[in-house]
Amino acid sequence: MTARIIDGKAIAGEIRSELALQVKQLVKEGRRPGLAVVLVGDNPASEVYVRMKKRACEEIGVYSVVHSLPAEITQEKLLDLIDELNQDPKIHGMLVQLPLPSGLDESAVISRISPEKDVDGFHPLNVGRLWIGGEGFVPCTPAGVLELVQRAEVPISGKKVVVVGRSNIVGKPVISLFLRENATVTVCHSRTENLAEECAQADILIVAVGRPHLVKKDWVKPGAVVIDVGINRVDGKLVGDVDFENVSQVAALITPVPGGVGPMTIAMLLKATVDAAARS
Ligand code: NDP
């Protein structure tokens, strides 16, 4: 068997086109969606992500503004900026690019963002809403994972989903989202015994660890759907957490790295911003 590829780049492209139409309509109604991104310090990876986010906004007609602050900014000044953006009617979504330089209190900063503008879905209120089933923002990468599975028309309800990784930004929200879709969810992490056996139970295997090629062919049930969230750089090339070449001989559907989950993250950020403007 050779797995069918779930083409995240193409699906993200479809989502962006759908959003561009929605933005056009909102602009006609005088409600252009607006996203503010706060970047502190000069972490090169963060700078790249922020540039990509800004360009993606421009492409679909979303207003965007980047606030670049020096690493020495005080906590108080950073919180003042967030207060200002919370009040700004042009801004429907806001995010602070993580990680923050040392000396700044990440959780205090995230908690200061208005939950109604928290497009990253990291505010404790939105985390709680996700778990108790309320409406709120969902972290973008996990939302992208669910969207990929749904757009590939993979049934979720009643299926066995195994999630490897339990971080606050990927693993835990993925668990919550698939539970909400009535999957039977198993969570694995660095202390899990018999990880291979756990993975081999999965109808849908979602891996978010950050270890190149961790998941081998014999960890995957024939016909399973495999979603690889991992991004690792090996010899200058990007690879996932799944041994793609061999696993794709047994899986029915698989996401590549790059071009799988990656492009979905920004698409879902745009969607969250447009949805927030539509609700405003
Ligand atoms: P973290 O490092 O925060 O979490 C990694 C998780 O993997 C932890 O829960 C850890 O377990 C678990 N883990 C570590 N080693 C093993 C192992 N040998 N076996 C089983 N579980 C293990 O990473 P993130 O969740 O932030 O990111 C995960 C991956 O996803 C990374 O490669 C990252 O680059 C990528 N990523 C991709 C995004 C995208 O596509 N846009 C966005 C965000 C992340 P424990 O909790 O026990 O320590």
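Residues numbered from 1 in each chain as written. Predicted model: local features only at pLDDT ≥ 70, side-chain atom pairs only at ≥ 80, totals over all residues. Heavy atoms only, no water.

### Focus: the domain arrangement of the chain
As far as domains go, the chain holds domain 1 (30-114) and domain 2 (139-262). Taking only C-alpha atoms, the centre of domain 1 and the centre of domain 2 are 29 Å apart. (Domains from an automatic or database assignment.)

### Examining the site of the ligand
Taken together, 20 residues form the shell around the ligand, and within it R166, S167, S190, I231 and T265 come nearest. Residue R166 places a side-chain N or O atom 2.7 Å away from an oxygen atom belonging to the ligand. S190 is positioned with one of its side-chain polar atoms (N or O) 2.6 Å from an oxygen atom of the ligand. In isolation the ligand offers 930 Å² of accessible surface; the protein chains occlude 70% of this area. Grouping the constituent residues of the shell around the ligand by class yields nine nonpolar, nine polar and two charged. (Near = heavy atom within 4 Å. Polar contact = N/O pair within 3.5 Å; in protein donor to acceptor, adjacent residues only side chain to side chain. Areas by Shrake-Rupley, 256 points an atom, 1.4 Å probe, with all protein chains shown as cover. Nonpolar A, V, L, I, M, F, W, Y, C, P; charged D, E, K, R; others polar.)

### A short note on the sheet that holds strand β3 (residues 63-69)
The sheet built from three strands is open, its strands ordered β3-β2-β4 with parallel pairing. Two strands bound the open sheet, and with one partner strand each, they are β3 and β4 (93-96). Across the sheet, the mean angle separating the axes of adjacent strands is 15° when strand polarity is ignored. Alignment of strand β2 (residues 34-40) against β4, held across four bridges, turns out to be parallel. In the strand pairing of β4, V38 is matched with V96. (Pairing = 2+ DSSP bridges. Helix = DSSP H or I, 4+ residues; strand = E, 2+ residues; numbered from the N terminus. Axes fitted to C-alpha atoms, helices over the stretch in contact; angles between N-to-C directions.)

### As for empty space enclosed by the protein
In total, this model carries one cavity of 30 Å³ or more according to the counting rule given. One number sums up the size of the largest cavity: a volume of about 60 Å³. When contributions to the lining of the largest cavity are tallied by element, the ones reaching two or more residues are β4 and α4 (106-112). Looking at the lining of the largest cavity, the element that brings in the most residues is β4, giving three residues. (1 Å grid on protein atoms, 1.4 Å probe; cavity = no way out; pocket = protein on both sides within 12 Å on 5 of 7 lines; lining within 4 Å. Points joined across faces, edges and corners; volume = space filled by probe spheres on them.)

### Focus on the state of the cysteines
Tallying each qualifying case throughout the model produces zero disulfides. Between C140, a cysteine without a disulfide, and C57, which holds the nearest cysteine sulfur, the sulfur-to-sulfur distance is 11 Å. Of the cysteine sulfurs around C188, a residue in no disulfide, the closest is that of C199, at 5.4 Å. Overall, C188 belongs to the buried group, its relative accessible area being 0%. (Disulfide = S-S within 2.5 Å. Buried < 20%, exposed > 50% of the residue type's maximum accessible area, 1.4 Å probe, protein only.)

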